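Survey of secondary and tertiary structure
Listed below are the residues making up each chain.
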Amino acid sequence: MDVTLLLLALFSTVGLVFTYLAVTERDLVRAIIYSAVQSSAYAVLLYLLRAPDIVLVYIPVSVGLYPAALLFLVGKTEKVDGE
Amino acid sequence: MALNTLERFLLTLTLYNLLATAAISIYGIVVRPSLTKKIISLTILGDALNVLAIFIGFRVFSIPPVLIPGVELELFVGLAVDPLPQALVLTAIVIGLAVTLFLVFLALQIYRLYGTLDTRRIRELRG
Amino acid sequence: MRRVIVAVSIAASVALLAYTTTVAGALGYLGLETRTLARMFLALTYNPDLRELTAMSPEAVTAIVWDFRGVDTLYETVVFYMAIIAALAIYRGVSRVSGGGGVGLSLIVRVVTKLLIPMNIAIAVSIAVHGHLTPGGGFQAGATLAVISVLLAVVYSVNSFSRVGVDISKAVALRSAGLIAIAIVVFTPLIYSALTGAQAYLMQSYVKVDSGFYFPVDVFGQLISGTLIWLNTAEFLAVSFGFFIVFMLLSLREEIVKQSLLGEGRGS
């Protein structure tokens, strides 16, 4: 059995767990950190799917630029989701 | 070279995980009231669907679509994964990034004009 | 703690659903063969025997992005350009990126960042220029260089942009230079066709069936793949300075922005 398939299943499950934690979290800074961890798991997933061009785009954009822009937004506006 | 049941289970599990991630992020866009949470869920939805598109072009026992000198063409065509979804996903990631950055600027402007980012309170203020 | 249990149980139920689907055998061929279109692209990406159909670049994804489906990438560049224009339009009263009393972070962080910035620039330029030989290209390199703008804004404070010499009008000028370079490379075959009367197509990179025009493919034995290297470098310039504009505007302090935007608007 190929190790690739086992790692594919493992990292997609990690992504699913952290997505649920990010969507239902009230504190917005923690939600951004959870979504950054989910993006790291998806970066490994994209490498296992034999797509090195996409990994080179995905890591600076999804782990670096999205959390940076969203943290600037949260720092200037509200920090809690909901009541 | 057929796949046995365990390998098919792992591939199907990956597919279902990606679809479930997309479903949870759609719940996040629709239900959660804060605009920032909606933007976070939109980025997660885009990521899950892009990985799903690349997963469709995947092939077990394969190499990336880069022709290394010394590998002959027949072997390369027989082993490499599909390069077309990767090119289309590259375009999709750039467009998603442009839309998300624009949404962040719009959310900042809404906060300056209305004083809040909660959509329930914005709906009351407009009337 | 309760939410972690809910998340793990969602994952377990998805696994159970996948098991039942596999036992019933609903998905037959997943992951074994590939489509005919993919075989065609893989066979034509570097094929000196078929000179009218090939892209002369061993990297299949860059060949598809800039040669086989180049007009799609042109439209994607236009979409990104319009998002930056929208951001500049919202901030139209702001002209200086400085002011306020920003301090930045401590000395250790500043020294480490000073070591990291040249490494980042070197890696980004290497990814852009080798885009037709190894995985990489214009957009990958632009996003890598954009991380430097975030580092400058956070570690050294917003005032550091004017100390380094980058302000909004210079970033807009450099981004426009990148876009003009892309336009020149795209329209060169048409200008050649108008001047000499031969047949040539928009964004043509190598010889086609009824057209003999081509960009140089290798220089002293080193492969440069026609238009691909010029388009990658121009896209790198355009994308990285577009991101510089976005993060310079985002990191401005709110008091300065409110003076410029809402103070004028309310007539006070």
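We now examine the overall build of chain B. Summing up its helical and strand segments, chain B has five helices and zero strands in all. The helix and strand sequence of chain B, counted from the amino end, reads α-α-α-α-α. Overall size of chain B, expressed as C-alpha extent along the three principal axes, is 65 × 35 × 15 Å. Looking at chain B residue by residue over its 127 residues, the buried ones come to 49%. At a minimum sequence separation of 6, the contacts of chain B that also span at least 24 residues come to 55%.

Bringing the overall build of chain C into the picture now. Along its length, chain C carries 11 helices and two strands. Its helices and strands taken in sequence order, chain C reads α-α-α-α-α-α-α-α-β-β-α-α-α from the N to the C terminus. On C-alpha atoms alone, chain C measures out to a radius of gyration of 25 Å, which is more than a quarter above the 18 Å that the 2.2 N^0.38 rule sets for 268 residues. Overall, the C-alpha framework of chain C stretches about 65 × 65 × 40 Å when taken along its three principal axes. Looking at chain C as a whole, 36% of its 268 residues qualify as buried. The long-range fraction of contacts in chain C, counting pairs at least 24 apart against all pairs at least 6 apart in sequence, stands at 65%.

Per-chain confidence: chain C averages 85 in pLDDT, with 90% of residues scoring 70 or above. At the level of chain-chain contacts, confidence expressed as ipTM amounts to 0.93, with global pTM at 0.89.

Moving on to the nonpolar core. If you look at the biggest cluster of nonpolar residues, it comprises 129 residues, and the most contacted ones within it are L46, V57 and A69 of chain A, I54, L90 and L101 of chain B together with V246 of chain C. Sort the elements by how many residues they give to this core and helix α9 (residues 228–250) of chain C lands first, with 17 residues. If we skip the residues at most four places from it in the chain, V57 of chain A touches L90 and I93 of chain B together with F139, Q140 and A143 of chain C.

Moving on, we come to the interface of chain B and chain C. At the junction of the two partners, chain B supplies 36 residues and chain C supplies 44 residues. Among the elements of the structure, α1 (5–31), α3 (73–79) and α4 (84–114) of chain B are those that each provide at least two residues to the side of chain B that touches chain C. Here the side of chain B that touches chain C gets 13 residues from one element, more than from any other, and that element is α4 of chain B. Class assignment for the residues of the side of chain B that touches chain C results in 26 nonpolar, six polar and four charged.

Moving on to helix α6 (residues 138–155) of chain C. Working note: α-helix, 3.6 residues per turn, so residues spaced by three or four point in the same direction. Residues and elements named next belong to chain C. Given a rise of 1.5 Å per residue, 18 residues ought to cover 26 Å, and the 27 Å separating the end C-alpha atoms of α6 matches this to within 8%. Along α6, 15 of the 18 residues are buried, which leaves the element largely enclosed by surrounding structure. Count one or two residues on from α6 and you reach S157, which has phi positive near 75°.

This part takes up the interface of chain A and chain B. Contact with chain A, which involves 43 residues of that partner, is made by 47 residues of chain B. Those elements that provide at least two residues to the side of chain A that touches chain B are α1 (3–23), α2 (28–48) and α3 (52–76) of chain A. Take the side of chain A that touches chain B: its biggest share by element is 13 residues, from α3 of chain A. Broken down by class, the residue content of the side of chain A that touches chain B amounts to 27 nonpolar, 10 polar and six charged.

Moving on, we get to the environment of F68 of chain C. In this structure, F68 of chain C sits in helix α3 (residues 60–68). Among residues more than four places away in sequence, those in contact with F68 of chain C are F41, A55 and A63 of chain C.

Helix packing for two helices is described by the angle between their axes and how far apart those axes are. Residue and element names in this part refer to chain C. The N-to-C vectors of α6 and α9 enclose an angle of 25°; their axes lie 8 Å apart at closest approach. By the angle between their directions, the pair α6 and α9 is classed as roughly parallel. Considering only the axes of α6 and α9, their crossing is right-handed. Residues G138, F139, A141, G142, L145, A146, S149, V150 and A153 of α6 form the contact with α9, whose own contacting residues are L231, N232, E235, F236, V239, S240, F243, F244, F247 and M248. Of the residues in the contact of α6 with α9, the class split is 13 nonpolar, five polar and one charged.

Here we come to the confidence of the model for chain B. Per-residue confidence for chain B gives a mean pLDDT of 89; residues scoring 70 or more make up 97%. Per-element averaging of pLDDT across chain B places helix α5 (residues 119–126) of chain B at the bottom with 85 and helix α2 (residues 35–56) of chain B at the top with 93.

Cut-offs used in this document
- Residues numbered from 1 in each chain as written.
- Chains lettered and ligands numbered in written order.
- Predicted model: local features only at pLDDT ≥ 70, side-chain atom pairs only at ≥ 80, totals over all residues.
- Helix = DSSP H or I, 4+ residues; strand = E, 2+ residues; numbered from the N terminus.
- Buried ≥ 20, exposed ≤ 12 C-beta atoms within 10 Å, placed from the backbone.
- Contact = placed C-beta atoms within 7 Å.
- Rg over C-alpha atoms; globule rule 2.2 N^0.38 Å.
- pLDDT = per-residue confidence, 0-100.
- Core = buried A, V, L, I, M, F, W, Y, C linked by C-beta atoms within 7 Å.
- Nonpolar A, V, L, I, M, F, W, Y, C, P; charged D, E, K, R; others polar.
- Expected span 1.5 Å × (residues − 1).
- Axes fitted to C-alpha atoms, helices over the stretch in contact; angles between N-to-C directions.
- Parallel < 35°, antiparallel > 145°, perpendicular 65-115°, else oblique.
- Left-handed = near helix turned anticlockwise from the far one by under 90°.

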